[in-house]
Amino acid sequence: MSAAALSYVVNVCVALRRADRWLLIVRHPDLGHAGGTLSVPGGKVEDARPRDDVLEATARREAAEEVGVDLDGVPLRYAESTFFVSDEGTPVVNVVFAAHLPDGAEPYAAAPAEVSGLRWLTREELEAEADCPSWTVRNIRSAAAALVMDPPNS
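First, a word on what this report is: a plain description of the structure on this page. (Residues numbered from 1 in each chain as written. Predicted model: local features only at pLDDT ≥ 70, side-chain atom pairs only at ≥ 80, totals over all residues. Heavy atoms only, no water.)

Describing the overall build of the chain
Each helix and strand in the chain was counted, giving 3 helices and 7 strands. The burial tally for the chain puts 43% of its 154 residues in the buried class. Within the chain, contacts between residues at least 6 apart in sequence are counted, and of these 67% link residues at least 24 apart. Carbon and sulfur atoms provide 52% of the accessible area of the chain, an area that totals close to 8,100 Å². (Helix = DSSP H or I, 4+ residues; strand = E, 2+ residues; numbered from the N terminus. Buried < 20%, exposed > 50% of the residue type's maximum accessible area, 1.4 Å probe, protein only. Contact = heavy atoms within 4.5 Å. Areas by Shrake-Rupley, 256 points an atom, 1.4 Å probe, with all protein chains shown as cover.)

A look at the environment of Thr-58
When you line up the elements, Thr-58 lands in helix α1 (residues 54-67). Residue Thr-58 is classed as buried on the basis of its relative accessible area of 3%. A polar contact of 2.8 Å, which involves the side chain of Thr-58, links it to the backbone oxygen of Val-54. (Polar contact = N/O pair within 3.5 Å; in protein donor to acceptor, adjacent residues only side chain to side chain.)

Section: the packing of aromatic side chains
Each aromatic ring pair is described using two quantities: the centre-to-centre distance and the angle formed by the ring planes. Tallied over the full model, the rule gives 1 aromatic pair. Look at Tyr-8 and Phe-83: their rings are 5.7 Å apart centre to centre, the planes differ by 70°, and that puts the pair in the edge-to-face class. Taken as a pair, Tyr-8 in the segment before β1 (9-18) and Phe-83 in strand β5 (residues 77-85) lie far apart in primary sequence, 75 residues in all. Residue Tyr-8 is classed as partly exposed on the basis of its relative accessible area, which comes to 40%. Judged by relative accessible area, Phe-83 falls into the partly exposed class, the value being 48%. (Phe/Tyr/Trp six-rings, centres within 6.5 Å; stacked < 30°, edge-to-face > 60°.)

Remarks on the pattern of salt bridges
In total, this model carries 9 salt bridges according to the counting rule given. Glu-127 is the partner of Arg-141 in a salt bridge, and the nearest nitrogen-oxygen pair spans 2.8 Å. Here Arg-141 is found in helix α3 (residues 134-147), whereas its partner Glu-127 is found in helix α2 (residues 123-128), with 14 residues between them in sequence. What makes Glu-127 partly exposed here is its relative accessible area of 32%. (Salt bridge = Lys/Arg side-chain N within 4 Å of Asp/Glu carboxyl O.)

A look at α1
Over its 14 residues, α1 runs 20 Å from end to end, which matches the ideal 20 Å to within 8%, given 1.5 Å per residue. All buried positions along α1 are accounted for by Ala-57, Thr-58, Ala-59, Glu-62, Ala-63, Glu-66 and Val-67. The inward-facing, buried residues of α1 contact β1, β2 (21-27), β4 (42-44), β6 (91-100) and β7 (115-121). Two residues or fewer past α1, Gly-68 is found with a positive phi of approximately 65°. (Expected span 1.5 Å × (residues − 1).)

What about the side chain of Thr-136?
With respect to the helices, strands and loops of the structure, Thr-136 is situated in helix α3. With a relative accessible area of 0%, Thr-136 lands in the buried category. With near-sequence residues (within four places) excluded, Thr-136 lies in contact with Leu-24, Leu-38, Ser-39 and Leu-126.

Here's the deal with unusual backbone geometry
Excluding glycine, residues mostly have negative phi values, and the peptide bonds linking residues are mostly trans. With phi around 55°, Ala-19 is a residue other than glycine that occupies positive phi space. With respect to the element layout, Ala-19 can be found in the loop between β1 and β2. On the basis of relative accessibility, which here comes to 62%, the residue Ala-19 falls in the exposed class.

A closer look at the environment of Pro-75
Relative to the assigned elements, Pro-75 resides in the loop between α1 and β5. Residue Pro-75 is classed as partly exposed on the basis of its relative accessible area, which comes to 31%.

Here's the deal with the environment of Asp-131
Among the secondary structure elements, Asp-131 is positioned in the loop between α2 and α3. Judged by relative accessible area, Asp-131 falls into the exposed class, the value being 59%.

In structure tokens, the structure reads:
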């Protein structure tokens, strides 16, 4: 397939921080790509209508769908973008945002078919997890850098 004929999935994730801990999801083991691994909430762009903030809207939708958190009005900071090929062979452009978890938000596994659990880890704890995918560690490192000058609730 030529590069011009390639079709890409655009995936958007949001790394959520509370104090010194990051909210990680445990992807359901039955998911095709990276099932059973630690990740940040995220998913595919599904908006069929033209709009200026499609990536931010996707990040907010995924946070609501996967962990039950409303990010309306919460500043999202760009952390990184990468390209990879999924376990199924699909080319994916992945965009990661970072945000402070809103005060009073109580995340939970809102999509049990996608999220089998939640974990709160410091960056150091995450980096010490032997079975944590390298891309999740990279996502959190990039998110931490994006929030370094952004105090909570600013």
